[in-house]
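Architecture and fold: a report
Here are the chains, one letter per residue:
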Amino acid sequence: RKEVEQDPGPFNVPEGATVAFNCTYSNSASQSFFWYRQDCRKEPKLLMSVYSSGNEDGRFTAQLNRASQYISLLIRDSKLSDSATYLCVVNTGMDSNYQLIWGAGTKLIIKP
Amino acid sequence: NAGVTQTPKFRILKIGQSMTLQCTQDMNHNYMYWYRQDPGMGLKLIYYSVGAGITDKGEVPNGYNVSRSTTEDFPLRLELAAPSQTSVYFCASSRTGNYQPQHFGDGTRLSIL
């Protein structure tokens, strides 16, 4: 099992729809979770951190399920500009606390 | 505010050549990282540094070296370039460890032919 696993997609979604991605992680000791967004041929940019209680930032909602070891990202009222690859990032949970494990990403395409 | 700056943006090397990828940040971040990203894959950590004078290996360090003589600079050295090192290289920094988000440079697209 990969340490961090994402459905690669692509998810083809009409503008205005709601879309959700999950990301599973293997290390139960992991404590830090993030969603990053990466546009084609660009650098990753932080979208949001994921907190235990769940958190929301405008149209984006992130949730953590520790029992099942996954995090989720929900995008409401999707815009054309939301088209990107969404990367799930989890810390290793080991003594070397500086290493983050990156998922391969879920590609989202918003259609007009 | 420049953030994280990487040079060069593109480079083509011949097999066996060497080069240094430059990375500098102006945010006074202690932690710096080098990643590589192959097509359709997630980022793989090559080396990281938790402060000036301190470096450590990541997941895929073979074929690379780093140094951290100042807080600002974290160059990545490729010795004896191989086709398997063809990739996009990203440098990143964060204020502290992995509880903090990382800020990335624009990346260096490197091809080894």
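Before any of the text, the structure's been laid out above.
One structure accompanies this document, and this report is about it. Quick caveat, the model's predicted, so the values are computed rather than measured.

1. With respect to the overall build of chain A
Along chain A, the regular secondary structure elements total zero helices and eleven strands. The C-alpha radius of gyration of chain A comes to 14 Å, within 12% of the 13 Å expected for a compact globule of 112 residues. Counting only C-alpha atoms and orienting by the principal axes, one finds that chain A spans roughly 45 × 30 × 25 Å. The 112 residues of chain A split such that 45% are buried. In the form shown here, chain A has an accessible surface area of approximately 5,500 Å², with 47% of it arising from carbon and sulfur atoms. Side-chain charges of chain A comprise 12 positive and 11 negative groups, with the mean position of each set lying 4 Å from the other.

2. Re the pairing of strand β6 (residues 54-57) of chain B
Residue and element names in this part refer to chain B. With three bridges joining them, strand β5 (residues 43-51) and β6 adopt antiparallel strand pairing. When the bridges of β6 are listed, G51 appears paired with I54. Two successive antiparallel strands, β5 and β6, enclose a turn made up of two residues, where G53 displays a positive phi of approximately 85°.

3. Examining the sheet that holds strand β1 (residues 4-7) of chain B
All names here are of chain B. A sheet is described by the order of its strands in space; here four strands give the open sequence β1-β3-β8-β7, paired in antiparallel fashion. Bordering the open sheet on either side are β1 and β7 (64-66), each of which pairs with just one other strand. Looking at each pair of strands side by side, their axes are set apart by 20° on average, direction ignored.

4. Describing the pairing of strand β11 (residues 106-111) of chain A
Residue and element names in this part refer to chain A. Covered by surrounding structure in β11 are T106, L108 and I110 only, the residues K107, I109 and K111 on the alternate face being uncovered. In this structure, strand β2 (residues 11-14) lies alongside β11, joined through four bridges in parallel fashion. Bridge pairing in β11 places P14 opposite K111. As paired elements, strand β9 (residues 84-91) and β11 share three bridges and run antiparallel to each other. Residue pairing for β11: A84 is matched across the bridge by L108.

5. Points about the interface of chain A and chain B
Between chain A and chain B, the contact holds 20 residues from the first and 25 residues from the second. With both chains or domains summed, chain A and chain B bury close to 1,800 Å², and 54% of this area falls on carbon and sulfur atoms. Put simply, chain A and chain B have zero salt bridges between them. In this structure, the connection of chain A to chain B is made through four residue pairs in polar contact (both at pLDDT 80 or more). Within the residue set of the side of chain A that touches chain B, elements represented by two or more residues are β4 (33-38), β5 (44-49), β9 and β10 (100-102) of chain A. Looking at the side of chain A that touches chain B element by element, the count peaks at three residues for β4(A). The class makeup of the residues in the side of chain A that touches chain B is nine nonpolar, eight polar and three charged.

6. A short note on the packing of aromatic side chains
One pass over the structure, following the stated rule, counts twelve aromatic pairs over all chains. Among the aromatic residues, those joined into a ring-pair cluster are A:F34, A:Y36, A:W102, B:Y33, B:Y35, B:F90 and B:F104. Stacked on the ring of B:F74, the Lys or Arg B:R68 has its end atom at 6.0 Å from the ring centre.

7. Focus on the side chain of B:R68
All names here are of chain B. As for its position among the elements, R68 is in the loop between β7 and β8 (76-78). Of the side chains with opposite charge, E72 lies nearest to the buried R68, which makes no salt bridge, at 7.4 Å. Here N30 takes part through its backbone oxygen, which lies 2.9 Å from a polar atom of the side chain of R68. At 3.2 Å, the side chain of R68 forms a polar contact with the backbone oxygen of T70.

About the cut-offs
- Residues numbered from 1 in each chain as written.
- Chains lettered and ligands numbered in written order.
- Predicted model: local features only at pLDDT ≥ 70, side-chain atom pairs only at ≥ 80, totals over all residues.
- Heavy atoms only, no water.
- Helix = DSSP H or I, 4+ residues; strand = E, 2+ residues; numbered from the N terminus.
- Rg over C-alpha atoms; globule rule 2.2 N^0.38 Å.
- Buried < 20%, exposed > 50% of the residue type's maximum accessible area, 1.4 Å probe, protein only.
- Areas by Shrake-Rupley, 256 points an atom, 1.4 Å probe, with all protein chains shown as cover.
- Lys, Arg positive; Asp, Glu negative; His and termini not counted.
- Charge placed at Lys NZ, Arg CZ, Asp CG, Glu CD.
- Pairing = 2+ DSSP bridges.
- Axes fitted to C-alpha atoms, helices over the stretch in contact; angles between N-to-C directions.
- Contact = heavy atoms within 4.5 Å.
- Buried area = accessible area lost by both parts, 1.4 Å probe.
- Salt bridge = Lys/Arg side-chain N within 4 Å of Asp/Glu carboxyl O.
- Polar contact = N/O pair within 3.5 Å; in protein donor to acceptor, adjacent residues only side chain to side chain.
- Nonpolar A, V, L, I, M, F, W, Y, C, P; charged D, E, K, R; others polar.
- Phe/Tyr/Trp six-rings, centres within 6.5 Å; stacked < 30°, edge-to-face > 60°.
- Lys NZ or Arg CZ within 6 Å of the ring centre and 35° of its normal.

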